[in-house]
Amino acid sequence: MLIDTHSHIFKEYYDDIEAVLNRAKENGVEKVVVAADNIKSCYEVIENSKKYNNYYYCLGIHPEDVDDDFNELVKIIEENKDNPKFVAIGEIGLDYYWTKDTKEKQIELFEKQLQLAEKYNKPVIVHSREATLDTQTILSKYNVVVDIHCFSGSKETADIYIKRGYYIGVGGVFTFKNSNLKDVIKNIPLDNILLETDSPYLAPVPHRGNPNEPAYIKDIAEYLSSIKNIDIEEIKEKTSQNATKIFNI
Ligand code: NI
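Every value quoted in this text rests on a predicted model; they were computed, and no experiment measured them.

Asks: Account for the coordination of the nickel ion, naming residues and giving values.
Replies: Protein ligation of the nickel ion involves His6 (NE2), His8 (NE2), Glu91 (OE) and Asp198 (OD), the donor distances falling in the range 2.1 to 2.3 Å. What the four donor atoms of the nickel ion show is an angle range of 82 to 173° at the metal, which sorts the shape as irregular. Expressed as a motif, the donor residue spacing for the nickel ion is H-x1-H-x82-E-x106-D. Note that His8 is positioned in the loop between β1 (2-7) and α1 (17-26) and Glu91 in strand β4 (residues 86-95), a separation of 83 residues in sequence. Exposure remark for Glu91: the relative accessible area of 3% places this residue in the buried category.

In structure tokens:
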């Protein structure tokens, strides 16, 4: 079994969500975790999860949507807190690449969402871009299980996260030909790795240039197997165990 631990399967990107989820199943990807990124997509993921049995969801406001209504997020989370398909707070974090000018607001929102994760005992899916130090400092203040989504940092950063027991989201980027992420990923223990696509973005080799989708977790698993020189079955088993544990699915 394989699990896609991070995707954005929304109507905005896919005309036929059912077909996407079926292709995932056909490729051994039994469960798909979908991260909301704003209030609108929070509502959509909840609705979609009712229609599709392999569709699990995270609720949160992405740093690019920092002006969305936090109080409404609190209301949505409160209403859905006991739903077993609601598996994490995400996608949340800091992005100083696209939106440096909202830094203060981003930090405030990030901390408020981390407090929600503590309150409701949910893991967090963290987006961190050009904000490594602030991300590390802020996360260290909260007692939460952390998934660093789409990890693309240095070996030093990976070591800090591993030491803290965080999970590290591994996806299409490290399969790119000129990626120097390979050497970093190669040395991350399998116990800390979660496989993710971040669909519809960042399709792995050999699908580059096309929209990404959860079925391609298979390609990411195979690539990880080749660079780590670990049997594919072990990669599948261990990463699925990690995902099952963190999300309780
Ligand atoms: Ni994402």
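Asks: Could you give an account of empty space enclosed by the protein, naming the residues involved and the relevant values?
Replies: Enumeration over the complete set of coordinates arrives at one cavity of 30 Å³ or more. When its volume is computed, the largest cavity comes out at roughly 30 Å³. What lines the largest cavity is simply Cys150, Phe151, Gly169, Val170, Gly171, Val173, Phe174, Leu181 and Ile185. Considered class by class, the residues forming the lining of the largest cavity number seven nonpolar, two polar and no charged.

Asks: Run through helix α5 (residues 132-139), naming residues and quoting values.
Replies: Along α5, the residues classified as buried are Thr135, Gln136, Ile138 and Leu139. On its buried side, α5 packs onto β4, α4 (103-120), β5 (124-129), β6 (146-148) and α6 (155-163).

Asks: Account for the sheet that holds strand β8 (residues 193-195), naming residues and giving values.
Replies: With parallel pairing, the eight strands of this open sheet are ordered in space as β1-β2-β3-β4-β5-β6-β7-β8. At either end of the open sheet lies a strand with only one pairing partner, and these are β1 and β8. For this sheet, the mean inter-axis angle between neighbouring strands, taken without regard to orientation, is 30°. Contacts from helix α3 (residues 70-80) reach β3 (55-59) and β4, with the element oriented near 140° to β3.

About the cut-offs
- Residues numbered from 1 in each chain as written.
- Predicted model: local features only at pLDDT ≥ 70, side-chain atom pairs only at ≥ 80, totals over all residues.
- Heavy atoms only, no water.
- Donors = N, O, S within 2.8 Å, 3.2 Å for Na, K, Ca; no water.
- Tetrahedral: all angles 85-135°; square planar, octahedral: opposite > 155°, others 65-115°.
- Helix = DSSP H or I, 4+ residues; strand = E, 2+ residues; numbered from the N terminus.
- Buried < 20%, exposed > 50% of the residue type's maximum accessible area, 1.4 Å probe, protein only.
- 1 Å grid on protein atoms, 1.4 Å probe; cavity = no way out; pocket = protein on both sides within 12 Å on 5 of 7 lines; lining within 4 Å.
- Points joined across faces, edges and corners; volume = space filled by probe spheres on them.
- Nonpolar A, V, L, I, M, F, W, Y, C, P; charged D, E, K, R; others polar.
- Contact = heavy atoms within 4.5 Å.
- Pairing = 2+ DSSP bridges.
- Axes fitted to C-alpha atoms, helices over the stretch in contact; angles between N-to-C directions.

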